Amino acid sequence: MDKLKIEGGARLNGEVTISGAKNAALPILCAGLLTPEPFVISNVPELQDVSTTLKLLRGMGASAEREGHTVAIDASGVNNTEAPYELVKTMRASVLVLGPLVARFGEARVSLPGGCAIGSRPVDQHIKGLQLMGAEISIEHGYIHARARRLKGARIVTDMVTVTGTENLMMAAVLADGETLIENAAREPEVTDLAHVLIGMGARIEGVGTDRLHIQGVERLHGTRHRVMADRIEAGTFLCAVLAAGGDVTLRSVEPSTMDATLEKLREAGARLDCGEDWIRVRFDRSGPAGALQRPRSVNIRTAPYPGFATDMQAQFMAVNAIAQGTGMVTETIFENRFMHVQELQRLGADIAIEGNTSVIRGVPGLSGADVMATDLRASACLVIAALVAEGTTVIDRIYHLDRGYEKMESKLAALGANIRRVS
Ligand code: UD1
């Protein structure tokens, strides 16, 4: 199993190109199931989760060809509407085939995802919405079995803001008979990116970017071409890395307009930021007056649905707070068990206490390298950031989590001057 070996202490300098967003690419690729016509998506990141999605689509009889960052899907030959446990258990987002399959083929069998490191993460809202649209749903042998001759438009109010839930229901509603209203819809930019793809296929959606989506179902959708939006979480992760390690880095191919909450916290923590339409320059000098060590300022964070502070950026800011001046509090409101990185940060010397869904982080002047273990995707990113500042060597085990969501993280960081390499 691969590990990352990092020698802390190097400043980060230069330019880095941000990849396409994982959380936009996954639903968009699943939307390819909605049409028998050619469907071509560019700026698709090379990630384990993308490979899993393509495997899922091929298993259904679709063709999915990949050339570099472009994926061409042809779902004219779909002959199987099942998402098997072997794939769903490795990637919860597989549930995103449910809406498109029922909408176009009238049937889907999708494995229930089961447990997850960051909390229970049920899919009851996806099921409730489809039932309101007239689908007959049964849970048998660990599978969600959904059937409908043709889905009907409905008014759906989700109990909480759910990103993939909104995406699934939107993909179901575009081919339903009549009008669907999704209230309390997720407003994440990735949901908006998917809506633009669907509109490009001929879907009729109003209220894009708001929490009320009006969808007028159509008989069929046609093929389209689309470029996936920039990954705001990957971008935010690099910005945190520069704030922690110090340096001067310009991010290219980013969309700062989708990152307000993150950028505001970075500024509050002391980062110097300059933004253009598709670039961000971040500067932080670790050496203060008379050679004294300069540290970021601690920040308080409370995760919330977009446009609030993203839960997917929480762990990375925890690493920054760990070495910051002062005490910061991080409150997680979206997932119940998303502090798995705390114990690993403590192994590096961080001073963190957990009280319920809040972590209280007393910043320390420095961390010291140690062997640690990645527990989930964003926890891995947090450990990489901490390792970049820790004195000595840190070895991060189980980085397959990182490979699920970050494209070539170690070579991008190495190009900025980090001492980082992958070891087997
Ligand atoms: C998506 C993102 C993930 C991000 C999360 C929150 C993808 C592929 N993943 O995950 O990176 O961390 O949004 O921004 O886009 N819930 C239910 N019942 C449901 C659905 C959700 O109780 O049917 C709960 C969840 O357990 C969680 C909250 O709602 O507590 C939000 O989850 P949700 O937005 O659905 O997360 P995902 O879409 O799985």
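Our structure's up above, just so we're on the same page.
What comes next is a walk through the structure. (Residues numbered from 1 in each chain as written. Predicted model: local features only at pLDDT ≥ 70, side-chain atom pairs only at ≥ 80, totals over all residues. Heavy atoms only, no water.)

**Focus: the packing of helix H4 (residues 98-105) against helix H6 (residues 163-173)**
Here is step 1 of the chain: The interhelical angle for the contact between H4 and H6, taken along N-to-C directions, is 10 degrees, at an axis separation of 7 Å. What the angle tells us is that H4 and H6 run roughly parallel. Judged by the sense of rotation from one axis to the other, the crossing of H4 with H6 is right-handed. Contact residues: H4 offers Leu98, Gly99, Pro100 and Ala103, while H6 offers Asn168, Met171 and Ala172.
Here is step 2 of the chain: Looking at the contact of H4 with H6, its residues break down into five nonpolar, two polar and no charged. (Axes fitted to C-alpha atoms, helices over the stretch in contact; angles between N-to-C directions. Helix = DSSP H or I, 4+ residues; strand = E, 2+ residues; numbered from the N terminus. Parallel < 35°, antiparallel > 145°, perpendicular 65-115°, else oblique. Left-handed = near helix turned anticlockwise from the far one by under 90°. Contact = heavy atoms within 4.5 Å. Nonpolar A, V, L, I, M, F, W, Y, C, P; charged D, E, K, R; others polar.)

**Digging into the site of the ligand**
Here is step 1 of the chain: Neighbouring the ligand are 18 residues; Asp124, Thr162, Thr164, Asp312 and Ile334 lie closest to it.
Here is step 2 of the chain: Within the contact set of the ligand, an oxygen atom lies 3.0 Å away from a side-chain nitrogen or oxygen of Asn23.
Here is step 3 of the chain: Bound to the protein, the ligand loses 85% of the 740 Å² it would expose on its own.
Here is step 4 of the chain: Among the elements that take part in the shell around the ligand, helix H5 (residues 124-132) stands out by supplying three residues, more than any other.
Here is step 5 of the chain: A per-class count over the shell around the ligand returns eight nonpolar, six polar and four charged. (Near = heavy atom within 4 Å. Polar contact = N/O pair within 3.5 Å; in protein donor to acceptor, adjacent residues only side chain to side chain. Areas by Shrake-Rupley, 256 points an atom, 1.4 Å probe, with all protein chains shown as cover.)

**Details of the nonpolar core**
Here is step 1 of the chain: Of all hydrophobic cores here, the largest spans 76 residues; its most connected members are Leu34, Leu151, Met170 and Leu198.
Here is step 2 of the chain: A total of seven residues in this core trace back to one element, the largest contributor, which is helix H1 (residues 22-31).
Here is step 3 of the chain: With residues up to four places along the chain from it excluded, the contact list for Met170 reads Ile182, Val191, Leu194, Ala195, Leu198, Ile205, Leu213 and Ile215.
Here is step 4 of the chain: Membership of the second largest hydrophobic core comes to 73 residues, among which are Ile18, Val249, Leu263 and Tyr406. (Core = buried A, V, L, I, M, F, W, Y, C linked by side-chain atoms within 4.5 Å. Buried < 20%, exposed > 50% of the residue type's maximum accessible area, 1.4 Å probe, protein only.)

**Details of the sheet that holds strand S17 (residues 279-284)**
Here is step 1 of the chain: Across the sheet, which stays open at both edges, the four strands sit in the order S2-S15-S17-S16 with mixed pairing between neighbours. With partners counted over all chains shown, the strands left at the sheet margins are strand S2 (12-17) and strand S16 (272-275), one partner each. Pairwise comparison of adjacent strand axes, ignoring direction, gives a mean angle of 10 degrees for this sheet.
Here is step 2 of the chain: In the packing of helix H9 (residues 260-268) onto the sheet, the strands contacted are S16 and S17, and the crossing angle to S16 comes to about 145 degrees. (Pairing = 2+ DSSP bridges.)

**Looking at the environment of Ile420**
Here is step 1 of the chain: Take Ile420: it is sitting in strand S24 (residues 419-423).
Here is step 2 of the chain: Remark: the alpha-carbon pair of Ile420 and Lys408, spanning 12 residues in sequence, is separated by 12 Å.
Here is step 3 of the chain: If near-sequence neighbours (up to four positions away) are discounted, Ile420 is found in contact with Leu4, Lys5, Ile6, Val384, Glu410, Leu413 and Ala414.

**Regarding the pairing of strand S14 (residues 224-227)**
Here is step 1 of the chain: Here S14 shows a clear split, with Thr224 and His226 buried on one side and none of Arg225 and Arg227 buried on the other.
Here is step 2 of the chain: The pairing of strand S3 (residues 39-42) with S14 spans four bridges and is parallel. Bridge pairing links Ile41 to His226 in S14.

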